[in-house]
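Residue-level structural notes
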Amino acid sequence: MQPWALYFKSLLLWLLPWPGTGQFQVKTPKSPVIAQVGKAAVLPCHLSPSTDAQNMEIRWYRDHQSVLVYEYRNSQDHMDQQSLEYQGRTELLRENITQGQVALRIHPIFARDEGQYSCVFVRSTQVGQAQLELLVAASGAPPHIHIQPADTEGITLTCSSSGWYPDPELQWRDSQGQPLSPDSETRSEQEDGLIYVESSVTMTNSSRVPLSCWIGNPVLREEKEARLSVAEALFPRVSTKGMEWPVMLVPLCLIIIIAAVLLLISRRCRERVNLFGRHGQKEAKRFAGRLTKEPENVIVDEDTAHPQLAMSEGLF
């Protein structure tokens, strides 16, 4: 089908009779369909009253029929006029098509898929359509708080997170949960269409209360938070990670030193004992030698000697 023919058919949809004047109406959910980035979205659509739609034309458009998302006619899928951004990502779920119930499945979902979708049924000159809204959401990474010195006394805290959709809500909060006014806040779109957000706040040295950076997704109603104690940021604790070996080496070195000193003292004692032993042996030999010398003459004074003293020859 040529592009001009597709546009001509789209124009006819507005000129042909609308639901209520024909024999069927097209129904879609009143509430938006919510899909997360990277997952699948299922857009349901059905006829009322229940009508066999096997031989009807079924088309899905986005943004007021400016983008053809899917086309089904003559009981077959027709992808020749399908928008390039949806090729390879769409499927018509038609298990209950004989009751007029179908659904469009899109997988995976991108942030750009968000918008208004139209479900159109065509039978001969009868046309019916209905719209539904697809909301796309993504929960980003947990917030990260970066600390850097400020120009004045104090520190600048910067909270950042990426991968959100749509624009997340970001708040600095004190220990009581009350919001704090940020110094700056920036938001930017990443290559994949997701949102990067960054916010900064300055805290003085007199601040000691803990604070937190809170980010929430308004669609998913999901929250993520990072907490920080300003006192710890200003006076960080010394990390003991990696200090186990130095701590263990200190007592080990002391034990080695004490053992070496005791060994040295023991050696000195043994040397002295050996020295005294050799000296004693020399003295004993010298004393024995004196005993073997020629005996000297002993003269006993009879007047002063003990009356019971008896002398024998050969004693000395």
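Residues numbered from 1 in each chain as written. Predicted model: local features only at pLDDT ≥ 70, side-chain atom pairs only at ≥ 80, totals over all residues. Heavy atoms only, no water.

1. Looking at the overall build of the chain
The secondary structure content of the chain amounts to three helices and 18 strands. Burial analysis of the chain (316 residues in total) assigns 32% to the buried set. Of the contacts made within the chain by residues no fewer than 6 positions apart, 59% connect residues no fewer than 24 positions apart. Total accessible area on the chain is roughly 20,900 Å²; 55% of this is exposed by carbon and sulfur atoms. (Helix = DSSP H or I, 4+ residues; strand = E, 2+ residues; numbered from the N terminus. Buried < 20%, exposed > 50% of the residue type's maximum accessible area, 1.4 Å probe, protein only. Contact = heavy atoms within 4.5 Å. Areas by Shrake-Rupley, 256 points an atom, 1.4 Å probe, with all protein chains shown as cover.)

2. So, the nonpolar core
Core analysis: the biggest nonpolar cluster contains 34 residues, and Leu43, Ile58, Trp60, Tyr117, Phe121 and Leu134 have the highest contact counts within it. Residue assignment for this core shows that the elements contributing at least two residues are strand S2 (33-36), strand S3 (41-48), strand S4 (57-62), strand S5 (67-73), strand S8 (101-106), strand S9 (115-123) and strand S10 (126-137). Once you skip the residues sitting within four places of it in the chain, Tyr117 turns out to touch Leu43, Trp60, Tyr61, Arg62, Val69, Tyr86, Ile106, Ala130, Gln131, Leu132 and Leu134. (Core = buried A, V, L, I, M, F, W, Y, C linked by side-chain atoms within 4.5 Å.)

3. Here we look at the state of the cysteines
Under the definition given, this model contains two disulfides. Here Cys45 connects covalently by a disulfide to Cys119, the sulfurs 2.1 Å from one another. Across the S-S bond of Cys45 and Cys119 the torsion is about -95°, and the bridge reads as left-handed. Here the residue Cys45 occupies a position in strand S3, and Cys119 occupies one in strand S9, the gap between them amounting to 74 residues. Take Cys119: its relative accessible area is 0%, and that puts it in the buried class. Covalently, Cys159 is tied to Cys213 through a disulfide, its sulfur atoms 1.9 Å apart. Because the sign of the S-S torsion sets the handedness, a value of about -80° for the bond joining Cys159 and Cys213 places this disulfide among the left-handed ones. In this pair, Cys159 is assigned in strand S12 (residues 155-164) and Cys213 in strand S17 (residues 210-217), connecting sequence segments 54 residues apart. Residue classification places Cys159 among the buried residues on the basis of a relative accessible area of 0%. (Disulfide = S-S within 2.5 Å.)

4. Here we look at the sheet that holds strand S11 (residues 144-149)
With antiparallel pairing, the four strands of this open sheet are ordered in space as S11-S12-S16-S15. Across the chains shown, the open sheet's two edge strands, defined by having one partner strand only, are S11 and strand S15 (184-189). With direction set aside, neighbouring strand axes in the sheet form an average angle of 20°. Pairing of S12 with strand S16 (residues 195-203), which is carried by eight bridges, proceeds in the antiparallel orientation. By the bridge assignment for S16, Ser160 is matched with Glu198. (Pairing = 2+ DSSP bridges. Axes fitted to C-alpha atoms, helices over the stretch in contact; angles between N-to-C directions.)

5. Points about the pattern of salt bridges
For the structure shown, the criterion picks out 10 salt bridges. Between Arg187 and Asp167 there is a salt bridge, with its nearest N and O atoms 3.9 Å apart. One end of the pair, Arg187, is in strand S15; the other, Asp167, is in the loop between S12 and strand S13 (169-173), with 20 residues separating them in the sequence. In this structure, a network of salt bridges that share partners links the residues Arg62, Asp63, Glu85 and Arg112. (Salt bridge = Lys/Arg side-chain N within 4 Å of Asp/Glu carboxyl O.)

6. Remarks on the confidence of the model for the chain
Per-residue pLDDT for the chain has a mean of 82; in total, 71% of the residues score no lower than 70. Contacts from residues 1-21, a stretch scored under 50 in pLDDT, to residues over four places away or in other chains number 36 contacts. (pLDDT = per-residue confidence, 0-100.)

7. Some words on the packing of aromatic side chains
Enumeration over the complete set of coordinates arrives at zero aromatic pairs. Here the guanidinium or amino end of Arg173 rests over the ring plane of Trp214, the centre of that ring lying 4.4 Å away. (Phe/Tyr/Trp six-rings, centres within 6.5 Å; stacked < 30°, edge-to-face > 60°. Lys NZ or Arg CZ within 6 Å of the ring centre and 35° of its normal.)

8. Re the sheet that holds S8
Taking strand neighbours across the sheet as the criterion, the four strands line up as S1-S3-S8-S7 in an open arrangement whose pairing is antiparallel. Looking along the sheet, the strands with just one partner apiece sit at the ends: strand S1 (25-27) and strand S7 (90-93). Neighbouring strand axes in the sheet, compared pairwise and without regard to direction, differ in orientation by 20° on average.

9. Some thoughts on the pairing of S8
Bridge analysis of S3 against S8 gives six bridges, and the strand direction is antiparallel. Of the residues in S8, the one forming a bridge with Pro44 is Ala103. Sheet topology places S7 next to S8; four bridges connect them, and they run antiparallel. Within the sheet, the bridge partner assigned to Leu92 lies in S8 and is Leu104.

10. Considering the environment of Ser199
Along the chain, Ser199 turns up in strand S16. As for Ser199 and Leu157, which are separated by 42 residues in sequence, their C-alpha atoms are 8.3 Å apart. Aside from chain neighbours lying at most four places away, what touches Ser199 is Leu157, Thr158, Cys159, Leu170, Trp172, Pro182, Ser184 and Glu185. Within the structure, the side chain of Ser199 is placed 3.1 Å from the side chain of Trp172, a separation counted as a polar contact. (Polar contact = N/O pair within 3.5 Å; in protein donor to acceptor, adjacent residues only side chain to side chain.)

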